[in-house]
Amino acid sequence: MSYLTKIIGTKIEEVNEMNAIDVVRTEPIRLLDLMRDGFHVIAEIKRASPSKGLIREEVDVAERARAYEAAGATMISVLTDATYFKGSFHDLKTVADAVEIPVLCKDFIIDERQLDRAKAAGASAALLIVAALHPSRLATLTTYARTIGLDVLVEVHDEAELEIALRLENVLIGINNRNLKTFEVTLDTSIELMQRYLDVTFVSESGVDRKEAAERLHAAGARAILVGEALMREEDPTSLIKELTACSLKYVE
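Residues numbered from 1 in each chain as written. Predicted model: local features only at pLDDT ≥ 70, side-chain atom pairs only at ≥ 80, totals over all residues. Heavy atoms only, no water.

In the nomenclature of an unreviewed UniProt entry, the chain corresponds to Indole-3-glycerol phosphate synthase from the organism Exiguobacterium alkaliphilum. The record held by UniProt for the chain lists under Catalytic activity (unreviewed entry) the comment "1-(2-carboxyphenylamino)-1-deoxy-D-ribulose 5-phosphate + H(+) = (1S,2R)-1-C-(indol-3-yl)glycerol 3-phosphate + CO2 + H2O". The annotation that UniProt attaches to the chain under Pathway (unreviewed entry) is "Amino-acid biosynthesis; L-tryptophan biosynthesis; L-tryptophan from chorismate: step 4/5." (UniProt positions renumbered as here; feature names shortened; annotations may be inferred.)

What follows is the structure, given as structure tokens:
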């Protein structure tokens, strides 16, 4: 059984236990506008992962989020999955209350109730994973998210998934360099796709842990990078964030 299949199975069980909640509907931000100029860093709050285990379980997420913001991050991503990443919607709300920049709810979203909870916790955007959703469901959730005031970052892993994502209207597309079936990471996943789709705005996700990685992705056309583990392993992420925004990473063990 792949990691993704296992996680989605757990997520179905979680969603079945969720009650519907009311949310205040607002106009969504436009992630494409946010990423239009320059080179951006989406800095992530990530306590653990299935492949790496514990990264930094005990962390003051408000303090870390403020450090990310002060150092120049454009947006903060917060893992909200509890079972596999030790995150929570409480973490999301804490971060959203602590900063002025947009906050992304990063989870394995399969249902509108998860989007409602992201919105109620203060998220500006939510991650939707093509590999986890039927194309019609992906389109439905994208529309619903924008109806309640969330934009979406649509995540792909290969060209077939990218073609599905491109059917959606005006979405920011993230390329995950981590294979969600094996959890192996290669930057070539992003580089090959970006070089074939030069007119698409891309965020490259996972595997950015050194200067050369950031430079390769930037040169290949990435408008932004999403970085979690490398930042979470830093006691003080400030200097690394500043290097990231300048597309110059030091190596992180």
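After presenting the structure, the write-up continues.
Undergrad: Help me out: how do you make sense of the sheet that holds strand E8 (residues 172-176) in this one?
TA: Sheet strands pair by backbone hydrogen bonding; their relative direction is either parallel or antiparallel. Pairing is parallel in the closed barrel, where eight strands are placed in the order E1-E4-E5-E6-E7-E8-E9-E10. Going from strand to strand, the sheet's axes swing by 25° on average, the running direction of each strand aside. Of the strands in this sheet, strand E1 (40-45) and strand E10 (224-227) touch helix H11 (residues 238-245), which is tilted by about 145° from E1. (Pairing = 2+ DSSP bridges. Helix = DSSP H or I, 4+ residues; strand = E, 2+ residues; numbered from the N terminus. Axes fitted to C-alpha atoms, helices over the stretch in contact; angles between N-to-C directions. Contact = heavy atoms within 4.5 Å.)

Undergrad: Mind showing me how you'd approach the pairing of strand E5 (residues 103-106) here?
TA: Residues in a regular strand project their side chains so that they alternate between the two faces of the sheet. Alternating positions in E5 separate into two faces, Val 103 and Cys 105 on one and Leu 104 and Lys 106 on the other, with burial throughout. Judged from the four bridges that link them, strand E4 (residues 75-79) and E5 form a sheet pairing that is parallel. Across the sheet, the residue bridging to Leu 79 is Lys 106, located in E5. Handedness of the crossover joining E4 and E5 through helix H4 (residues 89-98) is recorded here as right-handed. In this sheet, strand E6 (residues 125-129) lies alongside E5 in parallel orientation, the contact comprising two bridges. Following the sheet pairing, Leu 104 is matched in E6 by Ala 125. (Buried < 20%, exposed > 50% of the residue type's maximum accessible area, 1.4 Å probe, protein only. Right-handed = clockwise from strand over helix to strand, strands pointing away.)

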